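Breakdown of the fold
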Number of protein chains: 2
Amino acid sequence: MNAPDATRPIGVFDSGVGGLTVLKALQAAMPHEHLVYLGDTARLPYGTKSPASIERYACQAAALLRQHDIKMLVVACNTASAVALDALREAMHPLPVIGVVDPGAAAAVAARPGGRHLVLATEATVCLGAYREAILGLDPGATVDELACELLVALAEEGWNEGPVAQDIVRRYLAELAEASRHPDSVILGCTHFPLLRPTFAAVFDDSVAIVDSAGTTAAAARELLRSLDLATEDGAGRLTLLATDGATRFARVGGQFLGHDLSWKDIEIVDL
Amino acid sequence: MNAPDATRPIGVFDSGVGGLTVLKALQAAMPHEHLVYLGDTARLPYGTKSPASIERYACQAAALLRQHDIKMLVVACNTASAVALDALREAMHPLPVIGVVDPGAAAAVAARPGGRHLVLATEATVCLGAYREAILGLDPGATVDELACELLVALAEEGWNEGPVAQDIVRRYLAELAEASRHPDSVILGCTHFPLLRPTFAAVFDDSVAIVDSAGTTAAAARELLRSLDLATEDGAGRLTLLATDGATRFARVGGQFLGHDLSWKDIEIVDL
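**Looking at the pairing of strand β1 (residues 10-14) of chain A**
Residues and elements named next belong to chain A. In terms of burial, β1 is largely enclosed, as five of its five residues are buried. In β1, alternate side chains face the same way, and those of I10, V12 and D14 on one face and G11 and F13 on the other are all buried. The pairing of β1 with strand β2 (residues 35-39) spans five bridges and is classified as parallel. Among the inter-strand pairings, D14 is bridged to a residue of β2, identified as G39. Handedness of the β-α-β unit built from β1, helix α1 (residues 20-29) and β2 comes out right-handed. Here four bridges tie β1 to strand β3 (residues 72-75), and the two strands are oriented parallel to one another. By the bridge assignment for β3, V12 is matched with V74.

**Brief notes about the interface of chain A and chain B**
On the side of chain B, 20 residues touch chain A, which itself brings 20 residues to the contact. Residue assignment for the side of chain A that touches chain B shows that the elements contributing at least two residues are α7 (150-158) and α8 (164-174) of chain A.

**Considerations on the relation of the copies chain A and chain B**
The two copies are related by a screw operation: chain A maps onto chain B through 180° of rotation and 0.0 Å of translation along the axis, at an RMSD of 0.0 Å. Both copies of the chain, as the preceding transformation shows, are related through a two-fold rotation axis. Among all residues of chain A, the one whose C-alpha sits closest to the rotation axis is R43 of chain A, at a distance of 2.6 Å. A shared interface surface links the copies, since 100% of the contact residues of chain A are contact residues in chain B too.

**Focus: the domain arrangement of chain A**
All names here are of chain A. Per the domain assignment, the segments making up chain A are domain 1 (3-99 + 216-270) and domain 2 (101-213). Here the C-alpha centre of domain 2 lies 23 Å away from the C-alpha centre of domain 1. If you list the elements that add at least two residues to the side of domain 1 that touches domain 2, you get α1, α2 (51-66), α3 (78-92), α10 (215-228) and α11 (248-259). Of the residues in the side of domain 1 that touches domain 2, the class split is twelve nonpolar, twelve polar and two charged.

Definitions and cut-offs
- Residues numbered from 1 in each chain as written.
- Chains lettered and ligands numbered in written order.
- Predicted model: local features only at pLDDT ≥ 70, side-chain atom pairs only at ≥ 80, totals over all residues.
- Buried ≥ 20, exposed ≤ 12 C-beta atoms within 10 Å, placed from the backbone.
- Helix = DSSP H or I, 4+ residues; strand = E, 2+ residues; numbered from the N terminus.
- Pairing = 2+ DSSP bridges.
- Right-handed = clockwise from strand over helix to strand, strands pointing away.
- Contact = placed C-beta atoms within 7 Å.
- Least-squares fit on C-alpha atoms with pLDDT ≥ 70 in both.
- Domains from an automatic or database assignment.
- Nonpolar A, V, L, I, M, F, W, Y, C, P; charged D, E, K, R; others polar.

Below, the structure written as structure tokens:
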């Protein structure tokens, strides 16, 4: 690969709009890069689907992004990262592919070495134990608890990100854990929807608890990878293309909350997978 | 059609497991009938998808059920009934097709003639105003309010059907309504997930409010239709076939709550649409 390749876009893939939290971090870390974001809104949520379906959907989404001549794929969906990263790397070879689980685990371990980590994620991510494996691989002395919290996805999509209802739901989930697990050193937001609920987690957990999400560390890892491959763009204004498989109006309404600014349905191109 | 046709099964279609509340009512009303239930679990929820996608998915599901030589199609999904009933009738002609919206509207009008009705449903069902149209068609003097309550779907799937968290969520939704609309004569459970939350609605609304769901009236309508076509089976034990497009384990776990008895993943056949 040579210099002209560096102007190609970065592909970002998520099951829906949650990955826009990662997209926002990528824009902040690499303001000169062109980004093509694909949200598979027709088939979300991935978190309650079987591994075989998740892998198939993720590979179809990646294939579509490759048609946009991307230079790297960022899997912004925790579930797809947990389930399908190996399959995606094989399918996209030699394009570099990075997920959000390893950067999230690394951020948690850096924040609380040897600590007790509580992973809040979807059913599929928890079932596969991807965060547990990643954390213990980096820090064998760590303790990892995992909790599936499907309802928090719907809560974030509804925009009920703070207040008593959101706090009660989080506390109800925590009540499912053993006493010791309810007092972690770090809480890992293992679903891209959950960063929206930060005010709620901050209210529920002690100030001493590190609230960790993957967006910032994934963006930093993506930037380093591009630089190491001499594929980074260092000038010009980055462009953004937003693709979705269904529901431009809902994507704009909910996605605007994730991106932190208003979107119009006309900003989203509907594609078929 | 003649007598042997009567032993053919009834096809029941839903976007997931919620339609099992309708299936249960069909079994109670017609214990001799064979039933084939298809839950499109790979593509749920329908309630947040575009009308075009919902129509396409519903027609694919109906085509698969037709391969099982069904004698009638019951659309147990409110969203699909609201969006795709005309398309399904055209696609399945001359097979009879009934949805849940008209029977639900009829039940509400019968319970509270000339009353104020509050429809709780998914975004897609509310957007199309299908219940409003059906109720006002039967009872022009009625008043209809509609409220999209996506979070209640996730709540029922999680099995948090009663208690303070569920009640607070319902009250938070009601707070979006004008004062008068918060005091209806009937509450229509316009999503097949919502009958599970009956204890919560009973706690939130006055005793004078009629809580109406479509399951019983849809089953009664289906029975009358079969009898009028001389297609009813009046002896032998009815069989049940459960089909899903993804996730037999989750279908069994969540579906058991809806059906009211335990299911094993081995009871569910996974099919591809």
